[in-house]
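What the coordinates show
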Amino acid sequence: MADEIGLFEAMHTQRAIRYFKPDPVPEELLTKLLEAASKAPSGTNRQMWHFIVVRDDGLRAELAGIYRRAGRNALPNLQWLQDANPRILRSATHLIEHMDEAPALLLACIEHGGSTNLTTGSSIYPAVQNILLAARGLGLGSVLTTFHKQYEDEVRALLGIPDNVETAALLPIGYPAEGVGYGATRRKPLDEVTHWDGWTQSD
Ligand SMILES: Cc1cc2nc3c(=O)[nH]c(=O)nc-3n(C[C@H](O)[C@H](O)[C@H](O)COP(=O)(O)O)c2cc1C
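Residues numbered from 1 in each chain as written. Predicted model: local features only at pLDDT ≥ 70, side-chain atom pairs only at ≥ 80, totals over all residues. Heavy atoms only, no water.

1. Some remarks on the layout of surface pockets
Worth spelling out the cut-off: Cavities and pockets were defined on a 1 Å grid built over protein atoms only: a cavity is a set of grid points that admits a 1.4 Å probe from which the probe cannot escape, a pocket is an open set flanked by protein on both sides within 12 Å along at least five of seven lines, and lining residues are those with an atom within 4 Å of any such point. Grid points are joined across faces, edges and corners, and a volume is the space filled by probe spheres set on the points. Secondary structure follows DSSP: runs of H or I at least 4 residues long count as helices, runs of E at least 2 residues long count as strands, and numbering of each begins at the N terminus.
Empty space within the largest pocket amounts to approximately 600 Å³. If you trace the largest pocket, you find 18 residues lining it, with Gln14, Arg15, Ala16, Thr185 and Arg187 closest to the centre. Counting only elements with at least two residues in the lining of the largest pocket, the list comes to helix H5 (86-98) and helix H7 (125-137). When residues in the lining of the largest pocket are grouped by element, the largest group, three residues, is from H7.

Right, dumping it as structure tokens:
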């Protein structure tokens, strides 16, 4: 297992990993990810989350197939990345075609009372972020993905997910492929997005 890293190092270097070794991830580590997820906050601490871990080869291939179809549909709208950030486009395209190479696919879901909105999402995405950070800490790779949402009903049918549960994110989990690693994330400078004591214009 990777040496433990500090919380802030994890936050600063947790970046999208979309290339995986086929090596299985020990169940003990998957359980650690789920434990981290289960420590996240949720509205009134109701913890309506559910986590489906797909390791079965057949199911993984089917789920990856849905993701592939959805991703291919989305690709024409992502061509602007060719100039803006070709690395993301290349890496996202790779995952569209190779999601099944990750030995585990984790679907984070949220149970709801009939409809969902931003507030519903805010009770599941903190758990997803905990999974991403825990994966970083354990030397595992992952990335939050949502393309599969185009075929939400198919995903639900494949895995027997009830109608009052919505999938929030599909996370491939595995060891990063050779030559692929974590590193400092590139984000907007803080002063572009921070407003002290009310909205201030930055130029
Ligand atoms: C709401 C959301 C949806 C995303 N959906 C996808 C997706 O469907 N496929 C994918 O490859 N990456 C997806 N991503 C990953 C982002 O592209 C990634 O987090 C972003 O480019 C930053 O990458 P970095 O952490 O490596 O800098 C998604 C991220 C978020 C937060």
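Right, picking up where we left off after that structure.
2. Examining the packing of helix H3 (residues 57-74) against H5
To keep things clear, this is the line we draw: Only the stretch in contact is used when fitting a helix axis, every axis being a line fitted to C-alpha atoms; angles between N-to-C directions are given from 0 to 180 degrees. Whether two residues touch is decided by their heavy atoms; if any such pair falls within 4.5 Å, the residues are in contact. Classes in brief: Ala, Val, Leu, Ile, Met, Phe, Trp, Tyr, Cys and Pro nonpolar; Asp, Glu, Lys and Arg charged; the others, Gly included, polar.
In the contact formed by H3 and H5, the axes pass within 7 Å of each other and the chain directions differ by 145°. In this structure, H3 contributes Tyr67, Arg68, Gly71 and Arg72 to the contact, and H5 contributes Leu95, Ile96 and Glu97. Partitioning the contact of H3 with H5 into residue classes produces three nonpolar, one polar and three charged.

3. Description of H7
The test is simple: Expected span of a helix: the number of residues minus one, times 1.5 Å. We call a residue buried when its accessible area falls under 20% of the maximum for its residue type, exposed when it is over 50%, and partly exposed in between, using a 1.4 Å probe and counting protein chains only.
The terminal C-alpha atoms of H7 lie 18 Å apart, and with 13 residues this matches the ideal 18 Å at 1.5 Å per residue to within 8%. Taken together, the buried positions of H7 are Ala127, Val128, Ile131, Leu132, Leu133, Ala134, Ala135 and Arg136. In this structure, the buried side of H7 is in contact with helix H1 (7-13), helix H2 (27-38), strand E1 (49-54), strand E2 (104-111) and strand E3 (165-173). Looking one or two residues past H7, glycine 139 carries a phi angle of roughly 80°, positive in sign.

4. Brief notes about the site of the ligand
Stated formally: Put simply, a residue is near a molecule or strand once any heavy atom of it comes within 4 Å of that molecule or strand. Within 3.5 Å is the distance limit for a polar contact, defined as a pair of N or O atoms, with the added protein rule that one can donate a hydrogen and the other accept it, and that residues adjacent in sequence qualify only through two side-chain atoms. Using a 1.4 Å probe, the Shrake-Rupley method yields the accessible areas, and only the shown protein chains count as cover for residues.
If you check the shell around the ligand, you find 13 residues, and the closest are Ala16, Arg18, Tyr67, Leu144 and Arg187. Here an oxygen atom of the ligand and a backbone polar atom of alanine 16 are 2.9 Å apart. Here a nitrogen atom of the ligand and a side-chain polar atom of tyrosine 67 are 2.9 Å apart. Protein chains shield 67% of the accessible area of the ligand, which is 630 Å² for the free molecule. Its residues assigned to classes, the shell around the ligand shows seven nonpolar, three polar and three charged.

5. Focus on the pattern of salt bridges
This is how the line gets drawn: Criterion for a salt bridge: a side-chain nitrogen of Lys or Arg within 4 Å of a carboxyl oxygen of Asp or Glu.
Evaluated as defined, the whole model comprises 11 salt bridges. Between glutamate 178 and lysine 21 there is a salt bridge, and its shortest N-O distance comes to 4.0 Å. Within this pair, whereas glutamate 178 is found in the loop between E3 and helix H9 (190-193), its partner lysine 21 is found in the loop between H1 and H2, the two being separated by 157 residues in sequence. Between aspartate 57 and arginine 60 there is a salt bridge; the shortest N-O distance is 2.6 Å. Of this pair, aspartate 57 and arginine 60 both sit in helix H3, three residues apart, which is roughly one turn of that helix. What you see here is one network of salt bridges that share partners, running through Lys149, Glu152, Asp153, Arg156 and Glu166.

6. Side note on the packing of aromatic side chains
For clarity, the threshold we go by: Under the pairing criterion, centres of Phe, Tyr and Trp rings, with the six-membered ring standing for Trp, must be within 6.5 Å; the plane angle then separates stacked pairs below 30 degrees from edge-to-face pairs above 60, leaving the rest tilted. Only lysine NZ and arginine CZ atoms are considered, and such an atom sits over a ring when it is within 6 Å of the ring centre and within 35 degrees of the ring normal.
Under the criterion given, the structure shown has two aromatic pairs. Centroid distance tryptophan 49 to phenylalanine 51: 6.2 Å. Interplanar angle 40°. Geometry classified as tilted. The ring centre of tyrosine 151 lies 4.7 Å from the NZ or CZ of arginine 69, which sits over that ring.

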